[in-house]
Amino acid sequence: MPLHEPSPYEVLGVPPTAGVREINLAVGPAMRAARYTRQQIQDAAALLRNPDKRLESDLQQPLPPEPVDQAVGLLTPVLADPLLVVERPQLPPAASFLAVHRAELAADFAEPAPAGADPEPPVPARFAADLSVLPQIEVPE
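Here's what I pulled together on the structure shown here. Predicted model only: the values in this text are computed from it and were never measured.

Notes on the overall build of the protein chain
Then, number 1: A tally of helices and strands in the protein chain yields six helices and zero strands.
Then, number 2: From first element to last, N terminus to C terminus, the protein chain shows the α and β order α-α-α-α-α-α.
Then, number 3: The proportion of buried residues among the 141 residues of the protein chain is 13%.
Then, number 4: Considering only residue pairs separated by 6 or more positions, the protein chain has 53% of its internal contacts joining residues 24 or more positions apart.
Then, number 5: Total accessible area on the protein chain stands at roughly 13,400 Å², and carbon and sulfur atoms take up 61% of it.

A short note on the packing of helix H2 (residues 20-33) against helix H3 (residues 38-49)
Then, number 1: Between H2 and H3, whose axes approach to 10 Å, the crossing angle comes to 175 degrees. Judged by the inter-axis angle, H2 sits roughly antiparallel to H3. Residues Val20, Ile23, Asn24, Val27, Ala30 and Met31 of H2 form the contact with H3, whose own contacting residues are Arg38, Ile41, Gln42, Ala45, Leu48 and Arg49.
Then, number 2: Classifying every residue of the contact of H2 with H3 by side-chain character gives eight nonpolar, two polar and two charged.

Focus on the packing of H3 against helix H4 (residues 51-60)
Then, number 1: One way to put it is that H3 packs onto H4 with a least axis distance of 5 Å and a crossing angle of 105 degrees. In terms of orientation, H3 lies roughly perpendicular with respect to H4. The segment H3 lies against H4, with Leu47, Leu48 and Arg49 engaging Pro51, Lys53, Arg54 and Ser57.
Then, number 2: Considered class by class, the residues forming the contact of H3 with H4 number three nonpolar, one polar and three charged.

What to know about a nonpolar patch on the surface
Then, number 1: A cluster of nonpolar side chains, namely Val68, Leu74, Leu75, Val78 and Leu79, defines an oily patch on the protein surface of about 500 Å² accessible area.
Then, number 2: Within the secondary structure, Val78 sits in helix H5 (residues 71-80).
Then, number 3: By relative accessible area, Val78 is classed as partly exposed at 42%.

Notes on the nonpolar core
Then, number 1: The biggest cluster of nonpolar side chains holds 14 residues, and the ones touching the most others in it are Leu12, Val14, Ile23, Ile41 and Leu48.
Then, number 2: Within the residue set of this core, elements represented by two or more residues are helix H1 (8-12), H2 and H3.

Conventions and cut-offs
Starting afresh in each chain, residues are numbered from 1 along the sequence in its written order. For a predicted model such as this one, the threshold for reporting local features is a pLDDT of at least 70, and the threshold for listing and counting side-chain atom pairs is 80 or more; totals across whole chains, interfaces and linings nevertheless cover every residue. Side-chain descriptors were evaluated using all non-hydrogen atoms of the structure, hydrogens and water having been removed beforehand. Elements are defined by DSSP. Helices are runs of H or I of four residues or more, strands are runs of E of two residues or more, and each kind is numbered from the N terminus. Note on exposure labels: buried denotes an accessible area under 20% of the residue type's maximum, exposed denotes more than 50%, and partly exposed covers the range between, all computed with a 1.4 Å probe on protein chains only. Contact criterion: two residues are considered in contact whenever any of their non-hydrogen atoms come within 4.5 Å of each other. Here, Shrake-Rupley sampling with a 1.4 Å probe gives the accessible areas, and only protein chains in the shown set may cover a residue. For helices, the fitted line uses only the C-alpha atoms of the stretch in contact; every axis is such a line through C-alpha atoms, and the angle between N-to-C directions lies from 0 to 180 degrees. Oblique is the label for every angle not falling under 35 degrees (roughly parallel), over 145 degrees (roughly antiparallel), or within 65 to 115 degrees (roughly perpendicular). Side-chain classes follow a simple rule in which Ala, Val, Leu, Ile, Met, Phe, Trp, Tyr, Cys and Pro form the nonpolar group, Asp, Glu, Lys and Arg form the charged group, and the remainder, Gly included, forms the polar group. Patch membership is restricted to residues that have no salt bridge and whose relative accessible area is over 30%. Joining uses 9 Å for like charges and 5 Å for the nonpolar side chains Val, Leu, Ile, Met, Phe, Trp and Tyr. Salt bridge, as used here, is a side-chain nitrogen of Lys or Arg placed within 4 Å of a carboxyl oxygen of Asp or Glu. Here, the term nonpolar core denotes a set of buried Ala, Val, Leu, Ile, Met, Phe, Trp, Tyr and Cys residues that are joined through side-chain atoms within 4.5 Å.

The following block contains the structure:
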């Protein structure tokens, strides 16, 4: 059992450039070869005769890889020069970094807030909520 469904070109044994006449002539030999069922051959021929369905099928089928001779010769200019050179800046000395230990950080946040103090810092007056941005609302009495 094949892993993929054969393309209509494989079923009929015609190239992708085949015209309607070549497709019609390929149906008989494909039936005699009996590699595919009669229904598969008829479906392939009908699909290739219809230009819209043929275009849709062609766009869905992956192209076979084309052989490339002397691939190394073609890639030599690209492989010779590095594509991207990244210059990394020198890091400052280790003594200039600030080290915060997890225990010190946990101790800072574990202390309870002083009595009578707000748990959140005060909001500056210019950012305080007021009614200047809200529309006037009439409340029925």
